[in-house]
Amino acid sequence: MMKYNYILLILSIVILVGCEDYLDRRDENSSFLTEEDIWRDKNKINGMAFRLYDTMEWFFETRYDYNGRQSAGGGKNYGNSCQFSGEVLNTRSVGPNDKVIRGDWVGAVNDQFANPDFQMAWEDMWEAVYVSNSILYGIDDVTSDVMTKEEKNQVKGEAFLFRALGYHELSKRWGTMPYIKEKIFPETELNLPRPTYKQQITDIVADCDSAIAYLPKVSYLNDPVMMGRMGKAAAMALKSRALTTAASPNYTVNNESDTELWEKAAQAAWDLIKLSETSDKVGLYQGDYNNIFHTEPGTIEGVWPRYYEPSRPSSNLYMHSWLWINIGGYAGLSPTQELIDLYETADGWPITDSRSGYDDQNPYENRDPRFYKNILYHGSTWSKFSENETIDMRTDPLGVDRTTPNGADFGNSKTGYLVRKMLPDKWNSKKYNDSKYINAPYIRMAEIYLNYAEAVNEAYKNPNAAVPGASLTAVGALNAVRNRVGMADVRPEFTTDYAVFQERVRNEFQVELCFEYHIWFDLIRWRIAHEKLDNYNFHGVKIIDDASAPTGVRFERFEIPIERRFEEKHYRYPLRLGDLQIFELPEMKQNPGW
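Residues numbered from 1 in each chain as written. Predicted model: local features only at pLDDT ≥ 70, side-chain atom pairs only at ≥ 80, totals over all residues. Heavy atoms only, no water.

Draft legend 1. Up close: the overall build of the protein chain. Within the protein chain, the secondary structure is distributed over 21 helices and 10 strands. For the protein chain, the residues scored as buried account for 61% of the 594 residues in total. Accessible surface, the protein chain: about 22,400 Å² in total, of which carbon and sulfur atoms supply 49%. (Helix = DSSP H or I, 4+ residues; strand = E, 2+ residues; numbered from the N terminus. Buried < 20%, exposed > 50% of the residue type's maximum accessible area, 1.4 Å probe, protein only. Areas by Shrake-Rupley, 256 points an atom, 1.4 Å probe, with all protein chains shown as cover.)

Take a look at the structure:
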């Protein structure tokens, strides 16, 4: 009988045979390296660890061809979760994106092209599990003449870290998976039952704790040799994210609040916040907000950093996402009016509150400072072909940065907005075709503060509570994230009631982490995706010349009809039909509804 998870086994064997990173051929006699050869060569051992980092390339983007992960970049990503969540719209018809939005997730998991979230996540995260287990199988036997104890601990810690990462990313999409903790051989029994989420998170946390124990340094920020490899802070950050996810209603028994898990999530977040108070390697970055995403070495904000070689805007990478036609792009992913409406006024009022003073005919005045850092809107300043030009989002007459509302054309803004957050200044293929860094972290410190605020409020049902022994309340954590960009504190009207504060915390996640491939999974873990997405049409804004209007233009909200479905079954991704049909999987059942 062909055992369950031969999918993984076969995939892993292919990886091993073809991996030039750590199983190079010998020069003599053209014979292959043996395992003994690998464990006697420090470069080969480190090459196994580097292979783990290769499995991350799909997180924000995907390979735009099939020639290896290092050709990846932040662009040609047709299965982009920012589109799934409704943060942005791309009305060009593209395969996996269309399938996910209209609810055809069986089609989505079988779509092979430019589809990181539904297809590559499955393959690459199982690879991370396999390589991690292979490392843990042999690393303890490496002798001191090959690697020092600290060097061995670095690789061992990375193996625990990436095994935890693999299971976290798999389980938040497909549900729990058998937690394989040993190297896989052909005779290994792999027909294992799927565990409960409580069991799964226990194993993930244990691996994170092992990584924290073994990784020698907090972070390698600015280290001339080791920068780019993970330290203790990354493992602490993953522990915080994984526990926050596991405590959320989509993953608990009967979707009910689990106080024990929320308390653990709050403690995990606090542990990293406390560490950051005395570390010069991790913390809330206090400089220019956009530097978090666009600086060469990264900043202390990146507790799980990501590094790429500098990219030109004329490359295939960015043309298919954030860049728009007027400046040499192709897609022009367009933020929706719903996202724009989440930005409070500068003094902390939701714009829907009658006390806010918000004027829908002067809508960009007096908003949260992050609005101006994250969004390009009509009249905003941006260097397109010369310095300090303005963005023209008019629909009548049609502006140069805009497409016709609900027309067939695409490539400029469909909604009246474009994304600024991920674009360095003076960076487009028509005028400023220079190589620049775009290094958005996988996990950054702001998320840890938000995790803490959420977890404390959920665990103690009190916005002004704190983890026992901690000096920071849930309200204080939210204010720390807001204040560092010059945003006002959460208004006191919203800080006394658990449910009211919960709403502000969730709003803060969506404002702070927009376009970072985060909100989709927040909507799922909170189990509100069906409310926000199913049969819902997002909106844009028409901007019409009108001399009688306060700003010289008139703003009119309009609906953008796109078939969109999110039902109960969509809270778990389906397993690939081909995997279920080709292999005998007695313990691996298809997820409910599929």
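Draft legend 2. How the structure looks around the side chain of Glu454. Locating Glu454 in the fold gives a position in helix H16 (residues 445–460). Look at Glu454 and you get buried, because its relative accessible area is 3%. Dropping the residues within four chain positions of it, Glu454 is found in contact with Thr244, Trp262, Val505, Phe509, Arg525 and Trp526. (Contact = heavy atoms within 4.5 Å.)

Draft legend 3. Spatial organisation of helix H18 (residues 498–512). Over its 15 residues, H18 runs 21 Å from end to end, which matches the ideal 21 Å to within 8%, given 1.5 Å per residue. With 11 of 15 residues buried, H18 is to be regarded as a mostly interior element. For H18, the full list of buried residues reads Phe501, Gln502, Arg504, Val505, Arg506, Asn507, Glu508, Phe509, Gln510, Val511 and Glu512. One side-chain oxygen of the residue at the start of H18 lies 3.1 Å from the amide nitrogen of Ala499, identifying that residue as Asp497. (Expected span 1.5 Å × (residues − 1). Polar contact = N/O pair within 3.5 Å; in protein donor to acceptor, adjacent residues only side chain to side chain.)

Draft legend 4. Main features of the nonpolar core. Grouped together as the largest cluster of nonpolar side chains are 165 residues, with contacts concentrated most on Trp304, Tyr452 and Trp520. Setting aside residues no more than four positions away along its own chain, Trp304 makes contact with Met56, Leu161, Phe162, Leu165, Met230, Ala234, Leu238, Pro441, Tyr442 and Ile443. (Core = buried A, V, L, I, M, F, W, Y, C linked by side-chain atoms within 4.5 Å.)

Draft legend 5. Here's a closer look at the packing of H16 against helix H17 (residues 474–483). Running from amino to carboxyl end, H16 crosses H17 at an angle of 155°, the nearest separation of the two axes being 8 Å. Viewed along their axes, H16 and H17 adopt a mutual orientation that is roughly antiparallel. Between H16 and H17 lies a crossing of left-handed hand. When H16 is examined against H17, the residues Ala446, Tyr449, Leu450, Tyr452, Ala453, Val456 and Asn457 are found in contact with a partner set consisting of Ala474, Ala477, Leu478, Ala480 and Val481. Class assignment of the residues belonging to the contact of H16 with H17 gives a composition of 11 nonpolar, 1 polar and no charged. (Axes fitted to C-alpha atoms, helices over the stretch in contact; angles between N-to-C directions. Parallel < 35°, antiparallel > 145°, perpendicular 65-115°, else oblique. Left-handed = near helix turned anticlockwise from the far one by under 90°. Nonpolar A, V, L, I, M, F, W, Y, C, P; charged D, E, K, R; others polar.)

Draft legend 6. Expanded view of the packing of aromatic side chains. This model, assessed by the stated rule, comprises 36 aromatic pairs. With centroids separated by 5.1 Å and ring planes inclined at 65°, the aromatic side chains of Trp122 and Trp174 adopt a geometry described as edge-to-face. Remark: Trp174 occurs in helix H8 (residues 149–174) and Trp122 occurs in helix H7 (residues 116–138); sequence separation between them is 52 residues. Just as Trp122 is buried, Trp174 falls in that class too. Ring geometry for Tyr536 against Phe538: centres 4.9 Å apart, planes inclined by 85°, an arrangement best described as edge-to-face. Given a relative accessible area of 28%, Tyr536 falls into the partly exposed group. Accessibility expressed as a relative area gives 7% for Phe538, which makes it buried. Taking the ring centre of Tyr498 as reference, the NZ or CZ of Lys461 above it sits at 5.1 Å. The ring of Tyr571 carries Arg527 above its face, with NZ or CZ at 4.2 Å from the centroid. (Phe/Tyr/Trp six-rings, centres within 6.5 Å; stacked < 30°, edge-to-face > 60°. Lys NZ or Arg CZ within 6 Å of the ring centre and 35° of its normal.)

Draft legend 7. The pairing of strand E9 (residues 539–545), seen in detail. E9 sits mainly inside the fold: 5 of its 7 residues count as buried. By the bridge criterion, 7 bridges tie E9 to strand E10 (residues 553–559) in an arrangement that is antiparallel. Residue pairing across strands places Ile544 opposite Arg554, the latter belonging to E10. (Pairing = 2+ DSSP bridges.)

Draft legend 8. Up close: the environment of Asp140. Mapped onto the fold, Asp140 is located in the loop between H7 and H8. Distance in space between the C-alpha atoms of Asp140 and Lys152 is 7.8 Å, their sequence separation being 12 residues. Those residues in contact with Asp140, other than ones at most four positions away along the chain, are Lys152 and Lys156.

Draft legend 9. Structural view of the packing of helix H3 (residues 42–54) against H8. Where H3 meets H8, the closest approach of the two axes is 10 Å, and the angle between their N-to-C directions is 25°. Taken together, the axis directions place H3 and H8 in an arrangement best described as roughly parallel. Here H3 and H8 pass one another in a crossing that is left-handed. Of H8, the residues touching H3 (which contributes Lys42, Ile45, Asn46, Ala49, Leu52 and Tyr53) are Glu151, Val155, Glu158, Ala159 and Phe162. Considering only residue class, the contact of H3 with H8 consists of 7 nonpolar, 1 polar and 3 charged.

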